[in-house]
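Next come the chains, spelled out residue by residue.
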Amino acid sequence: MKNNNHRATNNVQRQTTNIQRSFLQVLKFANHTIPEFVEVRGKPWIYYGENNNYPDYLINLFNRSAKHNAIVTSKKEYIAGNGWFVNEAGLSPAQNAEVLALTKQANMDESLDDLLEKVALDLEIFGGFALQVIYTKGTGRIAEVYHIDFSKIRASHDGTFYYFSNDWTKYHQSLEDTGLKGFNPFNPAKPVGAQLLYFKEYRPRLEVYPIPDYIGCIPYIEIDYEIANYHLNNIKNGFCASFMINFNNGTPTPEEQATIEKQIRNKFTGTDNAGRFVLNFSDDKSEAPTLLPLQVPDIDKQFALLNESVQQEIFTGHKITSPMLFGIKTTGQLGGRDELREASELFQNTYVNHKQQLLNRVFNSLLQANGVMTKPLRIVPTTPLKWQLPDTIIATAMTKDEVRENIGLKPLQIKGVSDVLPPLAQLTVPKEKL
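Residues numbered from 1 in each chain as written. Predicted model: local features only at pLDDT ≥ 70, side-chain atom pairs only at ≥ 80, totals over all residues. Heavy atoms only, no water.

Asker: Lay out the overall build of the protein chain in plain terms, naming residues and giving numbers.
Answerer: Regarding its fold elements, the protein chain presents 13 helices and 12 strands. Within the protein chain, the proportion of its 434 residues that are buried is 35%. In the protein chain, the share of contacts with a sequence separation of at least 24, taken over all contacts with a separation of at least 6, comes to 65%. Summing over all exposed atoms, the protein chain offers an accessible surface of approximately 27,200 Å²; the carbon and sulfur share of this is 53%. (Helix = DSSP H or I, 4+ residues; strand = E, 2+ residues; numbered from the N terminus. Buried < 20%, exposed > 50% of the residue type's maximum accessible area, 1.4 Å probe, protein only. Contact = heavy atoms within 4.5 Å. Areas by Shrake-Rupley, 256 points an atom, 1.4 Å probe, with all protein chains shown as cover.)

See the structure below:
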């Protein structure tokens, strides 16, 4: 019996050490590195990341991190602005009609504003976007423009051909299995069939695929959703994350172990059982189960500090000077109208304008392929907050009834002359000069 207790105690210590080590590794990630774009023998396309799935990884970041998702989505809204504006100056009636027709219906299902929303989002997630350009037979003029999912495009070794696939995780690609097909690059000098306009933002030493602006804060984006995932699982499995039960009456069979584990999980895990206690019935005190607490001290404070650090690093990586613009309130920011207006103007001038100019050039190049050389398309920026006087100054220039009306109250009722004039006895009548 003494040997059994000794072995059980050693087993408990080993299990405790392993669990503590696992807990400390919850937020230990592999080092994040810039993706490699490599040639693979026998494949005519360059791999987009080690396993050819780096765009899928970026989409996963976008879908799982609440902070990152909110920032990227809001950036897309800022860049797309209020849609396209057509400057008719310098256009012939025929050109004007052609440009207006394209903006209203870029293809069978989408307007040019619809395309703008999609390419703006791709530009923020991936650092690039792709458009399928279809020419009219015979005339060689652009007839339709379609958005192509940027994550499904791969480039050839020399960048002179592009490939589309619905699933790049598969090693063997074919039209039947993955929808594999190829595109020539956009070239208005050879207006034939369907071509791919592949746009990527410039970065030194990146000749094939782009990387996003926020590349530097990707480790913190990972931490952001891992924190949420940890808390979710900690709530779902709250009991087993807080205590380890060791039964000191021998080692049961694997089937018995599974049955005991299932019974405890069903009875004591979950948010509805938080704070409950365990009842144990045993004939011998020496055979009572051992409960070992596995709580890390001040874990709530550690996560609060980590979350604050993660939030700041994500803002920095996204070049965010005022989180208020993205619906995120931080300590020290009042959130007043003037502060929001100034932050909006700063973000528009330092970030959004550059992105809009890129898109203006790309979409106007499509019109130039059809002979329209005046660059009539321009993205309309979002309307900034209008400047106005503070409420305290406005109130001093208003009458009492105007103030009451402004706050939804009825004007004061005047009952008679006596309410507005002093009694006659109090009036001083000047003596008539003799």
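Asker: Pulling in residues and values, what's your account of the pattern of salt bridges?
Answerer: Per the stated rule, a full pass over the model turns up 10 salt bridges. Among the ionic pairs, K67 bridges to D224, the shortest N-O distance being 2.8 Å. In this pair, K67 is assigned in helix α3 (residues 66-80) and D224 in helix α7 (residues 218-236), connecting sequence segments 157 residues apart. A salt bridge links E345 to R341; its shortest N-O distance comes to 3.7 Å. Taken together, the positions of E345 and R341, both in helix α11 (residues 337-369) and four residues apart, correspond to about one turn of that helix. With relative accessibility at 35%, the residue E345 sits in the partly exposed group. Here R341 falls in the buried class, since its relative accessible area comes to 14%. Through salt bridges with shared partners, one network takes in K75, E124, E201, D213 and K355. (Salt bridge = Lys/Arg side-chain N within 4 Å of Asp/Glu carboxyl O.)

Asker: Describe the confidence of the model for the protein chain, and please don't skip the residues or the numbers.
Answerer: The pLDDT averaged across the protein chain works out to 79; a share of 71% of its residues lies at or above 70. Throughout residues 15-30 the model reports pLDDT below 50, and contacts reaching past four residues in sequence, or to other chains, amount to 18 contacts. (pLDDT = per-residue confidence, 0-100.)

Asker: Tell me what's going on with the side chain of Q356, and back it up with residues and numbers.
Answerer: Here Q356 shows up in helix α11. Relative accessible area serves as the criterion here: at 4%, Q356 is assigned to the buried category. Among the polar contacts made by the side chain of Q356, one reaches the main-chain carbonyl oxygen of Y78 at a distance of 3.3 Å. Discounting residues that sit within four places of it in the chain, Q356 has contacts with Y78, I79, Q348, I379 and P381. (Polar contact = N/O pair within 3.5 Å; in protein donor to acceptor, adjacent residues only side chain to side chain.)

Asker: Outline the pairing of strand β8 (residues 181-185), listing residues and values.
Answerer: Pairing analysis gives three bridges linking strand β7 (residues 162-164) to β8, with the strands arranged antiparallel. Following the sheet pairing, Y163 is matched in β8 by G182. (Pairing = 2+ DSSP bridges.)

Asker: I'd like to hear about the packing of helix α5 (residues 112-126) against α11, residue by residue, with values.
Answerer: Two quantities define a packed helix pair, namely the angle between the axes and the distance from one axis to the other. Orientation of α5 relative to α11, taken along the N-to-C sense of each, is 125 degrees, at an axis distance of 12 Å. With respect to α11, the axis of α5 lies oblique. The chirality of how α5 crosses α11 is right-handed. Between α5 and α11, the residues in contact are L112, L115, L116, V119, L123 and E124 and Y351, K355, L359 and F363, respectively. (Axes fitted to C-alpha atoms, helices over the stretch in contact; angles between N-to-C directions. Parallel < 35°, antiparallel > 145°, perpendicular 65-115°, else oblique. Left-handed = near helix turned anticlockwise from the far one by under 90°.)

Asker: Break down the packing of aromatic side chains for me, citing the residues and quoting the values.
Answerer: For the structure on display, the rule yields 17 aromatic pairs. Judged by centre distance (5.0 Å) and plane angle (25 degrees), the ring pair of F150 and Y198 falls under stacked. One end of the pair, F150, is in the loop between β5 (142-148) and β6 (153-155); the other, Y198, is in strand β9 (residues 194-200), with 48 residues separating them in the sequence. Classification of F150 by relative accessible area gives buried; the value is 0%. (Phe/Tyr/Trp six-rings, centres within 6.5 Å; stacked < 30°, edge-to-face > 60°.)

Asker: Help me get a handle on the packing of α3 against α11, residues and values and all.
Answerer: Following both chains from N to C, one finds α3 and α11 inclined at 65 degrees, their axes separated by 9 Å at the closest point. When the axes of α3 and α11 are compared, the pair comes out roughly perpendicular. In terms of crossing hand, the pair formed by α3 and α11 is right-handed. Listed contacts from α11 to K75, Y78 and I79 of α3 are F347, Y351, V352, K355, Q356 and L359. Tallied by class, residues from the contact of α3 with α11 come to six nonpolar, one polar and two charged. (Nonpolar A, V, L, I, M, F, W, Y, C, P; charged D, E, K, R; others polar.)

Asker: Got a sec to walk through α11? Specific residues and values, please.
Answerer: A rise of 1.5 Å per residue sets the reference length of α11, with its 33 residues, at 48 Å; its end C-alpha atoms lie 44 Å apart and thus fit the reference within 8%. V352 marks the point of greatest bend in α11, at about 45 degrees. Where α11 terminates, the next one or two residues include G371, which has phi positive at roughly 95 degrees. (Expected span 1.5 Å × (residues − 1). Bend = angle between axes of the 7 residues up to and from the residue.)

Asker: Can you break down α3 residue by residue, with the values?
Answerer: Across its 15 residues, α3 extends 21 Å between first and last C-alpha, which sits within 8% of the 21 Å expected from 1.5 Å per residue. Those residues of α3 not exposed but buried are K67, H68, I71, V72, S74, K75, K76, Y78, I79 and A80. Count one or two residues on from α3 and you reach G81, which has phi positive near 55 degrees.

Asker: A description of the sheet that holds β5 should follow, citing residues and the corresponding values.
Answerer: Taken together, the six strands give an open sheet; going across it, the order is β5-β4-β9-β8-β7-β6, and neighbouring strands pair in mixed fashion. Looking at strand neighbours, the two that pair on one side only are β5 and β6, the edges of this open sheet. The average undirected angle you get between the axes of adjacent strands in this sheet is 35 degrees. Strand direction decides the pairing type here: strand β4 (residues 128-135) and β9, joined by seven bridges, are antiparallel. Among the inter-strand pairings, V133 is bridged to a residue of β9, identified as Q195.

Asker: Please provide a residue-by-residue account of the pairing of β5, values included.
Answerer: Of the strand pairs in this sheet, β4 and β5 are connected by six bridges, and their pairing is antiparallel. Paired with Y135 across the bridge in β5 is I142. As consecutive antiparallel partners, β4 and β5 are separated by six residues, and within that stretch G138 has a phi angle of approximately 90 degrees, a positive value.

Asker: Explain the environment of L377 to me, and be specific about the residues and the numbers.
Answerer: Note that L377 resides in strand β12 (residues 377-379). Exposure remark for L377: the relative accessible area of 3% places this residue in the buried category. In sequence terms L377 and F85 are 292 residues apart; their C-alpha atoms lie 5.8 Å from each other. Contacts of L377, omitting those with residues within four sequence positions, involve W84, F85, V86, V99, T103, L112, N360, F363, N364 and L367.

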